[in-house]
Amino acid sequence: MNFERLSPRLGFLLGFAACAGLLGIGAYLQFVEELEPCPLCISQRLAILATGVVFLLAGLHNRGRRIYAVAAAVVALVGASISARHVWLQHLPPEEVPECSPGLEYVFQHFPLADTIKLMLTGTGECAKVDWTLLGFSIPAWTLLAFLLLAAWAGLQFVNGGGQPDRE
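A few points on the structure. Just so it is clear, the structure is predicted and the values come from calculations on it, not from any experiment. (Residues numbered from 1 in each chain as written. Predicted model: local features only at pLDDT ≥ 70, side-chain atom pairs only at ≥ 80, totals over all residues. Heavy atoms only, no water.)

1. Quick look at the packing of helix H3 (residues 65-90) against helix H6 (residues 139-159)
Inference 1: Remark: H3 packs on H6, axes separated minimally by 8 Å, with the N-to-C direction vectors making an angle of 165 degrees. Taken together, the axis directions place H3 and H6 in an arrangement best described as roughly antiparallel. For the pair H3 and H6, the sense of crossing is left-handed.
Inference 2: For the contact of H3 with H6, a count of residues per class yields 19 nonpolar, six polar and two charged. (Axes fitted to C-alpha atoms, helices over the stretch in contact; angles between N-to-C directions. Helix = DSSP H or I, 4+ residues; strand = E, 2+ residues; numbered from the N terminus. Parallel < 35°, antiparallel > 145°, perpendicular 65-115°, else oblique. Left-handed = near helix turned anticlockwise from the far one by under 90°. Nonpolar A, V, L, I, M, F, W, Y, C, P; charged D, E, K, R; others polar.)

2. Looking at the packing of aromatic side chains
Inference 1: Counting across every chain of the model gives two aromatic pairs.
Inference 2: A ring pair is formed by Phe-12 and Phe-55, whose centres lie 6.1 Å apart and whose planes are at 45 degrees; its orientation type is tilted. Within this pair, whereas Phe-12 is found in helix H1 (residues 8-31), its partner Phe-55 is found in helix H2 (residues 39-61), the two being separated by 43 residues in sequence.
Inference 3: Since its relative accessible area comes to 2%, Phe-12 is described here as buried.
Inference 4: Judged by relative accessible area, which is 0%, Phe-55 ranks as buried.
Inference 5: Residues Phe-137 and Trp-142 carry aromatic rings whose centres are separated by 5.7 Å and whose planes lie at 80 degrees to one another, so their mutual orientation is edge-to-face.
Inference 6: Relative accessible area serves as the criterion here: at 46%, Phe-137 is assigned to the partly exposed category.
Inference 7: Taking the relative accessible area as the measure of exposure, Trp-142 reaches 29% and is therefore partly exposed.
Inference 8: The side chain of Arg-66 reaches across the aromatic face of Phe-158, ending 5.2 Å from its centre. (Phe/Tyr/Trp six-rings, centres within 6.5 Å; stacked < 30°, edge-to-face > 60°. Buried < 20%, exposed > 50% of the residue type's maximum accessible area, 1.4 Å probe, protein only. Lys NZ or Arg CZ within 6 Å of the ring centre and 35° of its normal.)

3. Remarks on the environment of Ala-80
Inference 1: Checked against the element boundaries, Ala-80 lands in helix H3.
Inference 2: With 33 residues separating them along the chain, Ala-80 and Ala-47 place their C-alpha atoms 8.7 Å apart.
Inference 3: Contacts of Ala-80, omitting those with residues within four sequence positions, involve Leu-144, Phe-147 and Leu-148. (Contact = heavy atoms within 4.5 Å.)

4. Structural notes on the nonpolar core
Inference 1: With 17 residues, the main nonpolar core has Phe-12, Phe-55 and Phe-147 as its most contacted residues.
Inference 2: Of all elements in the fold, only H1, H2, H3 and H6 reach the threshold of two or more residues within this core.
Inference 3: With six residues, H3 is the single largest residue contributor to this core.
Inference 4: The residues contacting Phe-147, other than those within four sequence positions of it, are Gln-44, Ala-47, Ile-48, Thr-51, Ala-76, Gly-79, Ala-80 and Ser-83.
Inference 5: Cys-38, Leu-40, Ile-82 and Leu-92 belong to the second largest nonpolar core, which has five residues in total. (Core = buried A, V, L, I, M, F, W, Y, C linked by side-chain atoms within 4.5 Å.)

Everything listed here is a matter of coordinates, which is why it stays silent on function.
Right, dumping it as structure tokens:
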């Protein structure tokens, strides 16, 4: 594929399709493989969703390519930081792993919103558990790689003019 001829609209829509595919994989792992997501997993899914929404808006709007590219890269890098924390938690020695929390449904019903958000972004003991691997890497490690690739793809859209002048 000649990147110089790829329209920015198509580039952003491909980014959206990648995010939709990642969310589909997450749904498959949760509902078919019955892997229950922890708070950090849910936060990562929300970051993938937000990245996908930025890509979709960019593809539909087809203007302001650089602004959308920066926004998509920033959201993807925020997701990467959540994934990096998750990978870090999974590599802690057992004695340093934080305590497990009550279920998210209970937390949403009985805790203040600020505490719930903090829990979802910092993780708990169940976030340190590795339930599934592929080629020796856990789901958060693969998600970290996906976020970095999405940020790089957004960066490519920043410079991709598709052979046309900017319509910023």
